[in-house]
Amino acid sequence: QVQLVESGGGRVQAGASLRLSCAASGRPLGSYAMAWFRQAAGKEREFVALISWTGTHTFYTDSVKGRFTISRENAKNTVSLQMNNLKPEDTAVYYCAVPAVPFRTSYSSDEYEYWGQGTQVTVSS
């Protein structure tokens, strides 16, 4: 019922910035939290950031606090991730995700039902 498409990835040098976007279709997502996850080669998929259904509350994994900012525009059914001061450790495929249950937030990838195809972010030193 929900389709997600990420864009904005690319290859940059350490210290640079990128802005990822996720366009959703199928139904309005104003009652759902939205999140970004990432998966580096050879590692498990990990939580990066989430934003509540109202957009009032945001949460980040410790490694990106102060550098990444998640935002959403419910009228456009989109969510974005502004990434500043990128580090080589940020290299991964980044995924946009929506949970199965509305009005709830979670850091666990197992609780998310809808996923985009992913966009590659590569940060070189």
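Now for a quick tour of the structure. Treat the numbers as computed from the prediction; the structure is a model and nothing was measured.

What counts as what
Residues numbered from 1 in each chain as written. Predicted model: local features only at pLDDT ≥ 70, side-chain atom pairs only at ≥ 80, totals over all residues. Heavy atoms only, no water. Pairing = 2+ DSSP bridges. Helix = DSSP H or I, 4+ residues; strand = E, 2+ residues; numbered from the N terminus. Axes fitted to C-alpha atoms, helices over the stretch in contact; angles between N-to-C directions. Disulfide = S-S within 2.5 Å. Buried < 20%, exposed > 50% of the residue type's maximum accessible area, 1.4 Å probe, protein only. Phe/Tyr/Trp six-rings, centres within 6.5 Å; stacked < 30°, edge-to-face > 60°. Lys NZ or Arg CZ within 6 Å of the ring centre and 35° of its normal.

### Some details on the sheet that holds strand β3 (residues 18-25)
Step number 1: The antiparallel open sheet is built from four strands, whose spatial order is β1-β3-β8-β7. What marks the edges here is a single partner per strand, and that holds for β1 (3-7) and β7 (68-73). Strand-to-strand twist in this sheet, taken as the mean axis angle between neighbours without regard to direction, amounts to 15 degrees.
Step number 2: As defined by bridge partners, β3 adjoins strand β8 (residues 78-83) across six bridges and the pair is classed as antiparallel. Each bridged residue has a counterpart across the sheet, and for Cys22 the counterpart in β8 is Val79.

### Considering the state of the cysteines
Step number 1: As enumerated under the stated definition, the model contains one disulfide in all.
Step number 2: The disulfide bridge from Cys22 ends at Cys96, spanning 2.3 Å between sulfur atoms. Here the disulfide of Cys22 and Cys96 is left-handed, its torsion about the S-S bond being about -80 degrees. Linking Cys22 in strand β3 with Cys96 in strand β9 (residues 92-99), this pair joins segments that are 74 residues apart in sequence.
Step number 3: Cys22 gets classed as buried once you look at its relative accessible area, which sits at 1%.
Step number 4: Cys96 gets classed as buried once you look at its relative accessible area, which sits at 0%.

### Some remarks on unusual backbone geometry
Step number 1: Residues other than glycine seldom take positive phi values, yet Asn77 does so here, at roughly 60 degrees.
Step number 2: Its place among the elements puts Asn77 in the loop between β7 and β8.
Step number 3: Here Asn77 falls in the buried class, since its relative accessible area comes to 13%.
Step number 4: If you check the backbone angles, Phe103 has positive phi at about 55 degrees while not being a glycine.

### What to know about the packing of aromatic side chains
Step number 1: What the rule picks out here adds up to eight aromatic pairs.
Step number 2: Between Trp53 and Phe103, the aromatic rings sit 5.7 Å apart at their centres with planes inclined by 85 degrees, giving edge-to-face as the arrangement. Separated by 50 residues along the polypeptide, Trp53 in the loop between β5 (46-51) and β6 (58-60) and Phe103 in the loop between β9 and β10 (112-115) bring together distant segments of the chain.
Step number 3: Residue classification places Trp53 among the partly exposed positions, given a relative accessible area of 25%.
Step number 4: Residue class for Phe103 comes out partly exposed when judged on its relative accessible area of 43%.
Step number 5: In this structure an aromatic cluster arises from ring pairing among Phe37, Phe47, Phe59, Tyr95, Tyr107, Tyr112 and Trp115.
Step number 6: The ring of Tyr95 is capped by Arg45, whose NZ or CZ atom sits 3.9 Å from the centre of that ring.

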